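Structure assessment
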Amino acid sequence: MGSVTATVAPTTGSHVTSWFRTFGAIAASGFRRHATYRQAAVAGAVTNSVFGFLHCYVFLAVAGAAGTAGGYDRAQLATFVWAGQGLLAVILLWGWTELADRIRTGEIASDLLRPVHPVTSYLAADLGRAGWASVARLVPPLLVGPLFFEVHLPRRWTTLPLFVLSVLTAIVVCFACRFLVNATAYWLQDVRGPMILWTLCSGVLAGLYFPLGFLPDWLELSLRYGTPFPSLFQTPLDVLVERQATPVQVGLVGLQVGWAVLLLAACRLVQRRAERRMVVQGG
Amino acid sequence: MLGAQARSQASYRVSFVVDLIGNVGGTVFDVVTILVLFGVTRELGGFTLREALVMVGLSAFAFATADLLVGNIERLPRYVRTGLFDAVLVRPLAALPQLLLMDLPLRKVSRAAFGLVVLLVAVGSAGIHWTPGRLALLVVAPAAGVVFFGSVFVATATVSFYWVDSGELANAVTYGGRDFTSYPITVYGGWFRALFAYGLGFAFVSYHPALALLGRADPLGLPAWVGWAAPGVALVAAALAAAAWRVGIRHYRSTGS
């Protein structure tokens, strides 16, 4: 089309340092913005712990006398639950409607005037938010769980770095999914439909309600290789409880990275389409 | 007021249908979760799938119906924060009914109806030996569950009079209570079970009534008549919630925003 859009092309080459500086500044402001809600963080940590107890007892009852369920032993199930409750707020499966709200109210127009691509700036802010959440929301369940349950502690030196990488990737994958769901607001009057669909699917298919290992093998495998959902939640937790051998885990994290790249590309594509459409509408 | 609500909410037809479907979805996945768990194990806490489904049905119906009727009280923290609650207080009507009717979420009807279906299918397939007493319990217990969950919604919402940013804290008890009552309480252990089951009273929503319906002895050793205590527990909960609400309103100071 060759039309001029409101966004400036991403800077390249010698501007790499300034790009990183901008990205870092947005991320830091995202961190600070969420760090102001201290009461909410305490309330959230308490709630995560209550659900940690609930899920942990239920999964341990599923493991029952045999002591294993879906390929997890009791200690692995406990770690899966408690780390999962901690990750919930870090990855932020639910409750992000900022982009959709800005599109609806028209405030998005001011985002387009900024010299940073919207996908980049929202991602940076989200990483900052996740940084605060990993201090305020991930740590409490990780401390509470081991007090009351026997947990699985990583035994291989590769596990922790791989886990950190996997969580970082999961945050990016989840951000991209949320961005795409929110971006339907460019076309739809009412984004509640896509939002509800996302909320329902992400909870059950990402492994929050139960580890996907509880499902029949064919279903687990097709979810794992055919959808991004396990990359949100299941993969980092499987890495942490060392469910697979290290090479397989590296492969799974690689798959996660693949989803992250693919979905971020989709975000940029959707955003470009939406901007063209807005220019055509003149609105 | 109710008629106007119904008309206004149904006028955006597509949104309304989407909401109806979305609200059922949550409960559907709760049931799917139970089925998946029973796909891995034959019994959970000493109960079979059919027995556990009776508890799921009681819990799902009671929670969804209470959520439909008074669940909107969850918005209280936002009303307090934005100052809208002041407008409610200056009107010459009781505050609680106003809050509940201001935005009765008709979309949640679908979920309560689905809860009822789960309950009826569960008691139908559990092989219950029906007596007049058990039939009466089948009516009384779900109603008591609705009152109980309603009281929990109101009581937890009053926290926001003291602690404005407390939204998620209420979820720990309301949604936590729903999850707790979806499984036999034999699943849980130690002080956690004691706190939720008897400290907060959630054992009387589904576990004990289900035992009485099924005619099973309590593995934890309480006598069979405890299943009939549900209405009494619900009334106590309602009285406590009403008291908490009154104290909360009196304590309320506007945020001034």
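Residues numbered from 1 in each chain as written. Chains lettered and ligands numbered in written order. Predicted model: local features only at pLDDT ≥ 70, side-chain atom pairs only at ≥ 80, totals over all residues. Heavy atoms only, no water.

Relative to the elements of secondary structure, F196 of chain B occurs in helix α11 (residues 190-199). Distance in space between the C-alpha atoms of F196 of chain B and V173 of chain B is 8.8 Å, their sequence separation being 23 residues. (Helix = DSSP H or I, 4+ residues; strand = E, 2+ residues; numbered from the N terminus.)

What follows deals with α11 of chain B. Three or four residues apart is the spacing at which side chains of an α-helix point the same way, because the helix has 3.6 residues per turn. All names here are of chain B. Among the residues making up α11, those that are buried are F192, R193, F196 and A197. Along the long axis of α11, the arc covered by the buried residues comes to 100°, so they all point the same way. Exposed and facing more than 90 degrees away from the buried side of α11 are G190 and G199. Where α11 terminates, the next one or two residues include G201, which has phi positive at roughly 90°. (Buried < 20%, exposed > 50% of the residue type's maximum accessible area, 1.4 Å probe, protein only. Arc of directions from axis to C-beta.)

Of all hydrophobic cores here, the largest spans 155 residues; its most connected members are F214 of chain A together with Y188 of chain B. If one sorts the elements of this core by residue count, helix α8 (residues 159-183) of chain A sits on top with 14 residues. (Core = buried A, V, L, I, M, F, W, Y, C linked by side-chain atoms within 4.5 Å.)

This part covers the interface of chain B and chain A. Taken together, the contact pairs 32 residues of chain B with 32 residues of chain A. Counting the contacts that link chain B with chain A gives 1 salt bridge. Put simply, chain B and chain A have 2 residue pairs in polar contact (both at pLDDT 80 or more) between them. At the level of elements, α2 (13-40), α10 (167-181) and α11 of chain B are the ones that each hand at least two residues to the side of chain B that touches chain A. (Contact = heavy atoms within 4.5 Å. Salt bridge = Lys/Arg side-chain N within 4 Å of Asp/Glu carboxyl O. Polar contact = N/O pair within 3.5 Å; in protein donor to acceptor, adjacent residues only side chain to side chain.)

Attention now goes to helix α3 (residues 74-92) of chain A. All names here are of chain A. For α3, spanning 19 residues, the distance from its first C-alpha to its last is 26 Å, which sits close to the expected 27 Å at 1.5 Å a residue. Along α3, the sharpest kink reaches roughly 30°, centred on G86. Across the 19 residues of α3, 18 count as buried, placing the element largely inside the fold. Taking the backbone nitrogen of A75 as reference, a side-chain oxygen 3.2 Å away marks D73 as the first, capping residue of α3. (Expected span 1.5 Å × (residues − 1). Bend = angle between axes of the 7 residues up to and from the residue.)

A few words now on the pattern of salt bridges. Following the criterion strictly, the structure yields 17 salt bridges over all chains and no others. Across the pair R114 of chain A and D111 of chain A runs a salt bridge whose closest N-O atoms are separated by 3.0 Å. Assessed through its relative accessible area of 44%, R114 of chain A is described here as partly exposed. Using a relative accessible area of 5% as the deciding quantity, one classes D111 of chain A as buried. In this structure, the salt-bridge partner of R178 of chain B is D179 of chain B, at a minimum N-O distance of 3.4 Å.

All names here are of chain A. A positive phi angle is found at L92, which is not glycine, with a value near 55°. If you trace the backbone, L92 turns up in helix α3. Here the phi dihedral of E242 falls at roughly 55°; this positive angle occurs in a residue that is not glycine. As for its placement among the helices and strands, E242 is situated in the loop between α12 (234-240) and α13 (246-281). In this structure E242 comes out as buried when scored by relative accessible area, which is 9%.

Residue and element names in this part refer to chain B. Helix α12 (residues 207-214) packs onto helix α8 (residues 132-157) with a crossing angle of 160° between their chain directions and a minimal axis gap of 10 Å. On the basis of the axis angle, α8 is roughly antiparallel to α12. In the crossing of α8 with α12, the sense of the turn from one axis to the other is left-handed. Across the interface between the two elements, R134, L137, L138 and A141 of α8 pack against P209, A212 and L213 of α12. Residue composition of the contact of α8 with α12, grouped by class: 6 nonpolar, no polar and 1 charged. (Axes fitted to C-alpha atoms, helices over the stretch in contact; angles between N-to-C directions. Parallel < 35°, antiparallel > 145°, perpendicular 65-115°, else oblique. Left-handed = near helix turned anticlockwise from the far one by under 90°. Nonpolar A, V, L, I, M, F, W, Y, C, P; charged D, E, K, R; others polar.)

Summing up the model confidence of chain B, the mean pLDDT is 89 and the portion of residues at 70 or higher is 96%. With a pTM of 0.90, the predicted complex shows an ipTM of 0.91. (pLDDT = per-residue confidence, 0-100.)

There is a patch of like positive charges on the surface, built from R268, R272, R273 and R276 of chain A. Positionally, R273 of chain A belongs in helix α13. (Patch = residues over 30% accessible without salt bridge, like charges linked within 9 Å, V, L, I, M, F, W, Y side chains within 5 Å. Areas by Shrake-Rupley, 256 points an atom, 1.4 Å probe, with all protein chains shown as cover. Lys, Arg positive; Asp, Glu negative; His and termini not counted. Charge placed at Lys NZ, Arg CZ, Asp CG, Glu CD.)

Turning our attention to the packing of helix α2 (residues 38-63) of chain A against α3 of chain A. A pair of packed helices is characterised by two quantities: the angle between their axes and the separation of those axes. Residue and element names in this part refer to chain A. Two elements in contact, α2 and α3, have axes whose closest approach is 9 Å; the angle formed by their N-to-C orientations is 155°. Judged by the inter-axis angle, α2 sits roughly antiparallel to α3. Here α2 runs over α3; the crossing is right-handed. Taking contact as the criterion, the partners of N48, S49, F51, G52, F53, H55, C56, F59, L60 and A63 in α2 are, on α3, R74, L77, A78, V81, W82, Q85 and L88. A class-by-class count of the residues in the contact of α2 with α3 yields 11 nonpolar, 5 polar and 1 charged.

Attention now goes to the side chain of N182 of chain A. Residues and elements named next belong to chain A. On the secondary structure map, N182 appears in helix α8. A polar side-chain atom of N182 sits 3.0 Å from the main-chain carbonyl oxygen of W96. Excluding residues that lie within four positions of it along the chain, N182 makes contacts with W96, T97, E98, L99, A100, I103, V191 and M195.

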